[in-house]
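Results of the structural survey
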Amino acid sequence: NKGHAGAQNALGCCYRLGRGMPQDEDEAARLYHRAAEQGHPAGQLRYGQSFDRGMGVLPDDREAARLYGLAADQGLAEAQFNFAVFCEDGRGVPQDDAEAARLYCLA
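The residue numbers shown here count from 1 along each chain, following its written sequence. Restriction of local features to residues with pLDDT of at least 70 applies here, the model being predicted, together with a cutoff of 80 or more for giving and counting side-chain atom pairs; totals for whole chains, interfaces and linings are based on all residues. With hydrogens and water stripped out, all remaining heavy atoms of the structure feed into the side-chain values.

**Quick look at the side chain of Ser50**
Counted only if it meets this: A run of H or I in DSSP counts as a helix once it spans at least four residues, and a run of E counts as a strand once it spans at least two, with each numbered from the N terminus. Should any heavy atoms of two residues lie within 4.5 Å, those residues are considered in contact.
Tracing the chain through its elements places Ser50 in helix H3 (residues 41-53). Those residues in contact with Ser50 that lie beyond four places of it in its chain are Ala29, Tyr32, Met55 and Val57.

Set out below in structure tokens:
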């Protein structure tokens, strides 16, 4: 409630997995969104995964790619890998093998 992005992300994971509370993908996505808005790379990754998989939000490849890209730019390896897959497949972004290869190497 105090706006700490790391805590929001961690609590979102608890809701997504149902650890210590009932599983609630909608609440998890809401918390990931709050963390992502503050530029928290893991929050951006997890919120991107929400859009990628349709967990708590409607699936949206463009938004997933945007969020993966933001987290990837901050050096988060899992986001770099996920964004590379999107670049390779042309999901949510124009297909770009060179960018995918660059990101795979970073990840």
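**Some remarks on the environment of Ala101**
Heads up, the rule is: When accessible area is computed with a 1.4 Å probe and restricted to protein chains, residues below 20% of their type maximum are described as buried, those above 50% as exposed, and intermediate ones as partly exposed.
Relative to the helices and strands, Ala101 is located in helix H6 (residues 97-106). Relative accessible area serves as the criterion here: at 39%, Ala101 is assigned to the partly exposed category. For the pair formed by Ala101 and Ala84, sequence separation is 17 residues and the distance between their alpha carbons is 7.1 Å.

**What about the state of the cysteines?**
The test is simple: By disulfide we mean two sulfur atoms from cysteines, separated by a distance within 2.5 Å.
With the rule as written, the count across this model stands at zero disulfides. Between Cys13, a cysteine without a disulfide, and Cys14, which holds the nearest cysteine sulfur, the sulfur-to-sulfur distance is 7.0 Å. Unpaired in this structure, Cys105 has its nearest cysteine sulfur neighbour in Cys87, at a distance of 13 Å. Among the residues examined, Cys105 registers a relative accessible area of 71% and is labelled exposed.

**Describing the nonpolar core**
Just so we agree on the cut-off: Only buried residues count toward a nonpolar core. Its members are Ala, Val, Leu, Ile, Met, Phe, Trp, Tyr and Cys residues joined through side-chain atoms within 4.5 Å.
Ranked by internal contacts, the top residues of the largest apolar core, which has 21 residues, are Tyr47, Tyr68, Phe83 and Phe86. Listed by contribution, the elements that provide at least two residues to this core are helix H2 (25-37), H3, helix H4 (61-73), helix H5 (77-89) and H6. At six residues, H4 tops the list of elements feeding residues into this core. The residues contacting Phe83, other than those within four sequence positions of it, are Ala65, Tyr68, Gly69, Val93 and Leu103.

**Quick word on a negative patch on the surface**
To keep things clear, this is the line we draw: Residues enter a patch when their relative accessible area is above 30% and they make no salt bridge; the linking distance is 9 Å between like charges and 5 Å between nonpolar side chains (Val, Leu, Ile, Met, Phe, Trp, Tyr). Accessible areas in this description were obtained via Shrake-Rupley with a 1.4 Å probe; residue shielding takes into account the shown protein chains only. A pairing counts as a salt bridge when a side-chain nitrogen of Lys or Arg comes within 4 Å of a carboxyl oxygen of Asp or Glu. Neither His nor the chain termini are counted; the positive set is Lys and Arg, and the negative set is Asp and Glu. Note on charges: their place is set at NZ of Lys, CZ of Arg, CG of Asp or CD of Glu.
A cluster of like negative charges, contributed by Glu88, Asp89, Asp96 and Asp97, occupies part of the molecular surface. With respect to the element layout, Asp96 can be found in the loop between H5 and H6. Of the residues examined, Asp96 reaches a relative accessible area of 33% and is grouped as partly exposed.

**A few points about the packing of aromatic side chains**
Note on aromatic pairs: each is described by the distance of the centres and the angle between the planes. Inclusion rule: Stacked, edge-to-face and tilted are the three classes for Phe, Tyr and Trp ring pairs, Trp counted by its six-membered ring, which pair at centre distances within 6.5 Å; planes under 30 degrees apart are stacked, over 60 edge-to-face, the rest tilted.
All chains considered together, the criterion is met by three aromatic pairs. Ring centres of Tyr47 and Phe51 lie 4.8 Å apart, and the angle between their planes is 70°; on these two criteria the pair is classed as edge-to-face. Of the two residues, Tyr47 and Phe51 both sit in helix H3, four residues apart, roughly one turn of that helix. When sorted by exposure, Tyr47 lands in the same class as Phe51, which is buried. Considering the side-chain rings of Tyr68 and Phe86, the 5.3 Å spacing of their centres and the 90° angle between planes classify their relative orientation as edge-to-face. Of this pair, Tyr68 sits in helix H4 while Phe86 sits in helix H5; the two residues are 18 residues apart in sequence, bridging distant segments of the chain. Here Tyr68 and Phe86 have matching classes, each one buried.

**Looking at H2**
Quick reminder of the rule: Given the number of residues in a helix, its expected span is that number minus one, multiplied by 1.5 Å. For this analysis, a polar contact is any N or O atom pair within 3.5 Å, provided that within protein one partner can donate a hydrogen and the other can accept it, and provided that sequence-adjacent residues contribute only side-chain to side-chain pairs.
Between its first and last C-alpha atoms H2 spans 18 Å; for 13 residues at 1.5 Å apiece the expected length is 18 Å, and the two agree. Of the surrounding elements, those touching the buried residues of H2 are helix H1 (5-17), H3 and H4. N-capping of H2 is provided by Asp24, with a side-chain oxygen placed 3.1 Å from the backbone N of Asp26. Where H2 ends, the next residue or the one after it, Gly39, has phi of about 85°, a positive value.

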